[in-house]
Amino acid sequence: MAFGINRAELYMWKELVYQGKVAFLTHYWLDPRFPNCKTVTKVGCSDLDKLIEWGKQYGLDPCWIHLDPRFPHYDLFGERQKHILMEEEQWEQISKFNL
C-alpha cells in the first residue's frame, strides 16, 4: 500500500515515464516481506533500453525491472534507495521521507 503522495505527484511520474524519461517517485510503503523498509522509490521509464542502461550504473539487474506494460520500473528501498537518490540529487524526496 502506498502513502505520502498525491494524485498530482503520481500523475507527473506517470507522464514522465510515458515520455521516456527516467522518473523517480518515492512513497511510504508497507510490505511484510521487507519489515525494516518504510519507503520505496519507483524509478520508471517507458524506454526499456534506457531504463536498463540507467540501472547498470548502479549495479541493478535488468531482471529486477517490473515489466508493467505502461510503466516499467525498478523498486528501490533501503540503503540502495538512499544512495541512488543522493547520486541522482533527488533532495526533495530524500527530505520529504527523512531518508
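Residues numbered from 1 in each chain as written. Predicted model: local features only at pLDDT ≥ 70, side-chain atom pairs only at ≥ 80, totals over all residues. Heavy atoms only, no water.

Peer 1: Account for unusual backbone geometry, naming residues and giving values.
Peer 2: Of note in this structure, Glu89 is not a glycine but carries a positive phi near 55°. With respect to the helices and strands, the residue Glu89 is situated in the loop between helix H3 (78-87) and helix H4 (91-96). Positive phi, normally seen in glycine, also occurs at Asn98, with a value near 50°. Along the chain, Asn98 falls in the segment after H4. (Helix = DSSP H or I, 4+ residues; strand = E, 2+ residues; numbered from the N terminus.)

Peer 1: Please set out a nonpolar patch on the surface residue by residue, giving values where relevant.
Peer 2: Taken together, the side chains of Phe3, Tyr28 and Leu30 make up a nonpolar region of the molecular surface, amounting to roughly 290 Å² of accessible area. Position of Phe3 relative to the elements: it lies in strand E1 (residues 2-3). (Patch = residues over 30% accessible without salt bridge, like charges linked within 9 Å, V, L, I, M, F, W, Y side chains within 5 Å. Areas by Shrake-Rupley, 256 points an atom, 1.4 Å probe, with all protein chains shown as cover. Salt bridge = Lys/Arg side-chain N within 4 Å of Asp/Glu carboxyl O.)

Peer 1: With reference to specific residues and values, describe the side chain of Thr39.
Peer 2: Here Thr39 lies in strand E3 (residues 39-44). There is a polar contact of 3.1 Å between the side chain of Thr39 and the side chain of Gln81. Every residue in contact with Thr39, bar those within four places of it in the chain, is listed here: Thr26, His27, Tyr28, Trp29, Leu76, Phe77, Gln81, Phe97 and Leu99. (Polar contact = N/O pair within 3.5 Å; in protein donor to acceptor, adjacent residues only side chain to side chain. Contact = heavy atoms within 4.5 Å.)

Peer 1: If you had to explain the pairing of strand E2 (residues 23-29) to someone new, which residues and values would you point to?
Peer 2: Most of E2 is tucked away, with six of its seven residues classed as buried. Looking at chain direction, E2 and E3 are connected through six bridges and run antiparallel. Considered in E3, the bridge of His27 is made with Val40. (Buried < 20%, exposed > 50% of the residue type's maximum accessible area, 1.4 Å probe, protein only. Pairing = 2+ DSSP bridges.)

Peer 1: Before we move on, could you go through the environment of Glu79 and cite the residues and values that matter?
Peer 2: Among the structural elements, Glu79 can be located in helix H3. On a C-alpha basis, the gap between Glu79 and Leu60 in space is 13 Å, while along the polypeptide they are 19 residues apart.

Peer 1: Could you give an account of the side chain of Asp31, naming the residues involved and the relevant values?
Peer 2: With respect to the helices and strands, Asp31 occurs in the loop between E2 and E3. The class of Asp31 is buried, set by a relative accessible area of 14%. Separated by 2.5 Å, the side chains of Asp31 and Arg33 make a polar contact.

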